[in-house]
Amino acid sequence: MSTEPVMRYTLDITEDISVERRNFTQGIAALAGLTLAPGVFLYCAAEAKPDDQAVSSQQRWGMLVNTNNCQEDCDACVSACNEENGLWSLGRPATDAQWIRKLNVKDRQTGHVTSMPMMCQHCEHPPCVDVCPTGASFRRVDGIVLVNKHTCIGCRYCMMACPYKARSFIHEPLQDQLPHSPRGKGCVESCTLCVHKVDRGDNNTACAEACAKEGHQALLFGDLNDPESEISKRLEQFGGTQIRADLGLNTGVRYQGI
Amino acid sequence: MACSVLLSGAVSGGPEDIPPPKGVYSEDTLCVEPVEVMRRQHFDYILDHRDRTVVEGIRTKQYSLIGCIDCHITPNAQGEYARYSQDTHFCASCHLFTAVNIDCFQCHADRPEEAIRKAQEPDVKAQQSVPELHETLQFSTITFDR
Amino acid sequence: METVRFSTIDARSAQYWVLLGLLAFGALVGYLAAHHMDVEGHHITGMNNQIVWGFPHVVAVFLIVAASGALNVASISSVFGKIDYKPLARLSALLAIALLVGGLIILVLDLGRPDRLIVAMTVYNFKSIFAWNIFLYVGFIFITAVYLWMMMERKMNRFTRSAGFAAFIWRLILTTGTGSIFGFLVARQAYDAAIMAPLFIIMSFSFGLAVFILVLQASYAWTRRQLGDAIMDKLRVLLGIFIAAVFYFVLVYHLTNLYATEHHGVERFILVDGGIYTFLFWVAQIFIGSVVPLALIFVKPLNQSRHMISLAALLVIAGGLAQLYVIIIGGQAYPLVLFPGMEESSSFFDGVVGQYAPSIFEILLGVGGVCVALIIVTVGIAILEFLPESLSDKALRLDPVTS
């Protein structure tokens, strides 16, 4: 039996930023080189935050849904979300997770039907965050409402509290989850606003990309805090409604045409 | 109490069955920290990084679990990636030996994305057989120093 | 009153061990059911993404509500100075702890990640009523245990009143917290109501006393101890008052809702066309759980029999479970209203009534929790002096019932 000498290490978690920073600045430099304009260099830097930088409350990510452009028979956004996040149906509709769904709303008086995607509304004052006993349900400072599945105990109180029925509980063991979308039995989950894409600097979500690809342009992702962003300009010009605005939650997802 | 663990001959078949990592992290060190440090303290790094990533959105690669998996979980000679339920999985090989029970891979991907996407293809999915967790465990070389 | 003597029950009899064995078996089966739910995931239960809380929560909330109510008998003696109830105070406090533990075990075992109980006990979001409740429950067990100690240790008797007062205040806060779990859910049509908290408090009075009466009668009958008519008569009248009070609060809750057009949908669902929920409301909760027990308690000659008191208590428990089933599951079954006045449809069951039928595993888990509570009582009265040797009119120096 051999014995290794006991060695003690102090844990000093200072990341080797230099390597990552180097890669990042190289990328930016390449972009800037292409455009030849120093102003665009700064614009690019503002788009994709460096990996080692925490998200900030200067942004508030949100979505604008233009229901006039949304087609009743189209569910491209739903398929794209399922594909992007690895939400594979287990053939049990009552317990299968749905992060985004197509909702049809019919006016009983007039018979008019409005079709729209419905998902987590990324509230500024989310009831799910209020009721979560462990604080697993939380709002990231850039406005994205998430579940920290490391502290979620699966009590489902958030599902009771959510006015939008946006959350799903995982009712069975899963396998083959995607690396950027960890999910598993016993925890609650919901739309993450494609947080992995946002952090990567894609500046878009899978559902909005798919909608644009279909040529419908019913979904627009963007920064509600940036007055120059497309979403802010459109909201300023045409306005946008919150669903269950009476609850005063200040949702990050706004709708036009309802 | 400090516990020193030797990996050699720990698991049936031995570490030679575990495909080598993709590469080295830098010129100075093989892994993201010296190997001896990683053996004992990888979880402290992962845990610290976990909270920063989930809550603050910090996405550096050095201590990210995806980074660990991408580098360490490589295909064997037959082009197959081990799952965590197999003793040829890099993480499982040692956790089994040390009788450490983790729940990371109940939610997290235990293989790189390309392996998972491949497993989702219908013809691959049909002929998959996931072996049960290790019948043979040999607790032969655990030594306690104090 | 000083002459009331307490003693442990004789735990050597075969019946005692048969009872304990049955209860232990029930608890074990409940645990195995919960373990199976944990391994397979909740898809084997009747619960789904529409009905997220099911039968285990009905039983758990019943036990927790009844726990605080079971303490009432002790509070009446210590806080309100009704000395006639004093001999019952110890059992009342023991039952309170037992029922709470039973209810909490169900809640914990139904979690999606019961292995993370330590997270629930160490990481708190203080805006969550659930988080407050964790403190309220643990505090209740602690305070009631101290209260019991003050009652049972002669040297500490002088603190009984203070401890009883603290426990009484705490139990009021606790049931307020339990009711508020539902009362604070702004989004749900059936829940968003401040009356939930007082409704739950008065429900706790009624359910807790009903359980207390049954446990008292069973333990005295099975140990062949004297249980006089005078004390039972007091409990009978008290139960009647509590049933009537619950009835009144239910009436006010529905009348308030019926006044606002916004709530007509959910009221129609519960009161008229909600299927099983309508049936449970009218038949189980109102008729079996309120009208019949009131008749058994107040109408002569029905109320002359001891058995009728037991039956009334049993019906109150059945009605109480039905009431919580209607509140918890019926409240979720009614679809969430995203667009008031509109018809909603989707692949995610928007606009349709949620479907739920409890699975065998949920029922076994619920029964297991009840068994745990009863085990605590059964073992408790055998090892410590909770029960007076006699509760006969003579021993209590109460006037015999003359009516």
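Now for a description of the structure that goes with this document. (Residues numbered from 1 in each chain as written. Chains lettered and ligands numbered in written order. Predicted model: local features only at pLDDT ≥ 70, side-chain atom pairs only at ≥ 80, totals over all residues. Heavy atoms only, no water.)

## Remarks on the overall build of chain C
Item 1. Helices and strands together make up the secondary structure of chain C, namely 14 helices and five strands.
Item 2. Within chain C, the fraction of its 403 residues that count as buried is 57%.
Item 3. For chain C, restricting intrachain contacts to residue pairs at least 6 apart in sequence, the fraction spanning at least 24 positions comes to 79%.
Item 4. About 16,800 Å² of surface is accessible on chain C, with carbon and sulfur atoms providing 70% of the total. (Helix = DSSP H or I, 4+ residues; strand = E, 2+ residues; numbered from the N terminus. Buried < 20%, exposed > 50% of the residue type's maximum accessible area, 1.4 Å probe, protein only. Contact = heavy atoms within 4.5 Å. Areas by Shrake-Rupley, 256 points an atom, 1.4 Å probe, with all protein chains shown as cover.)

## Examining the overall build of chain A
Item 1. Looking only at helices and strands, chain A features eight helices and nine strands.
Item 2. Counting only contacts in chain A whose residues sit at least 6 apart along the sequence, the fraction spanning at least 24 positions is 61%.
Item 3. Total accessible area computed for chain A in this model is approximately 11,100 Å², and 52% of it derives from carbon and sulfur atoms.

## A short note on the packing of helix α2 (residues 55-70) of chain C against helix α8 (residues 196-222) of chain C
Each pair of packed helices gets described by two things: the angle between the helix axes and the distance between those axes.
All names here are of chain C.
Item 1. Across the interface, α2 lies against α8 with an axial gap of 6 Å and an inter-helix angle of 80°. By the criterion of interaxial angle, the relationship of α2 to α8 is roughly perpendicular. Residues V61, F62, V65, A66, S68, G69 and A70 of α2 lie in contact with α8, whose contacting residues are F200, M203, S204, F205, F207, G208, L209 and V211.
Item 2. Its residues assigned to classes, the contact of α2 with α8 comprises eleven nonpolar, four polar and no charged. (Axes fitted to C-alpha atoms, helices over the stretch in contact; angles between N-to-C directions. Parallel < 35°, antiparallel > 145°, perpendicular 65-115°, else oblique. Nonpolar A, V, L, I, M, F, W, Y, C, P; charged D, E, K, R; others polar.)

## What to know about helix α8 (residues 230-238) of chain A
Residues and elements named next belong to chain A.
Item 1. Within α8 the residues assigned to the buried category are I231, S232 and L235. Along the long axis of α8, the arc covered by the buried residues comes to 100°, so they all point the same way. Of the residues in α8, the exposed ones pointing more than 90 degrees away from the buried face are Q237 and F238.
Item 2. On its buried side, α8 packs onto β1 (61-66), β8 (219-223) and β9 (253-256).
Item 3. Where α8 ends, the next residue or the one after it, G239, has phi of about 80°, a positive value. (Arc of directions from axis to C-beta.)

## Remarks on the sheet that holds β9(A)
In sheet architecture, strand pairing relies on hydrogen bonds along the backbone and comes in two forms, parallel and antiparallel.
Residue and element names in this part refer to chain A.
Item 1. Pairing within the open sheet is mixed, and its three strands lie in the order β8-β1-β9. Because the sheet does not close on itself, it has two edges, and the strands there are β8 and β9. In this sheet, neighbouring strand axes are inclined to one another by 20° on average, regardless of whether the strands run parallel or antiparallel.
Item 2. Across five bridges, the pairing between β1 and β8 is antiparallel. (Pairing = 2+ DSSP bridges.)

## Digging into the packing of aromatic side chains
Item 1. Considering all chains together, one arrives at 22 aromatic pairs over all chains under this definition.
Item 2. An aromatic cluster is present here, built from Y157(A), W53(C), F130(C), F182(C), Y191(C) and F200(C) joined pairwise through their rings.
Item 3. Stacked on the ring of F169(A), the Lys or Arg R156(A) has its end atom at 4.9 Å from the ring centre.
Item 4. Sitting over the ring of F348(C), K165(A) keeps its end group 4.1 Å from the ring centre. (Phe/Tyr/Trp six-rings, centres within 6.5 Å; stacked < 30°, edge-to-face > 60°. Lys NZ or Arg CZ within 6 Å of the ring centre and 35° of its normal.)

## Quick notes on the interface of chain A and chain C
Item 1. Chain A puts 53 residues into the contact, and the matching count from chain C is 52 residues.
Item 2. Buried surface at the junction of chain A and chain C, both sides included, amounts to about 4,500 Å², of which 57% is carbon and sulfur.
Item 3. Of all residues in chain A, the largest losses of buried area upon contact with chain C belong to Y157(A), M160(A) and K165(A), amounting jointly to 18% of the total for that side.
Item 4. Run the count over chain A and chain C and you get five salt bridges.
Item 5. Where chain A packs against chain C, one counts 34 residue pairs in polar contact (both at pLDDT 80 or more).
Item 6. Among the secondary structure elements, those contributing two or more residues to the side of chain A that touches chain C are β2 (100-107), β3 (113-119), α4 (127-131), α5 (157-161) and β6 (168-169) of chain A.
Item 7. Tallying contributions element by element places β2(A) first for the side of chain A that touches chain C, with seven residues. (Buried area = accessible area lost by both parts, 1.4 Å probe. Salt bridge = Lys/Arg side-chain N within 4 Å of Asp/Glu carboxyl O. Polar contact = N/O pair within 3.5 Å; in protein donor to acceptor, adjacent residues only side chain to side chain.)

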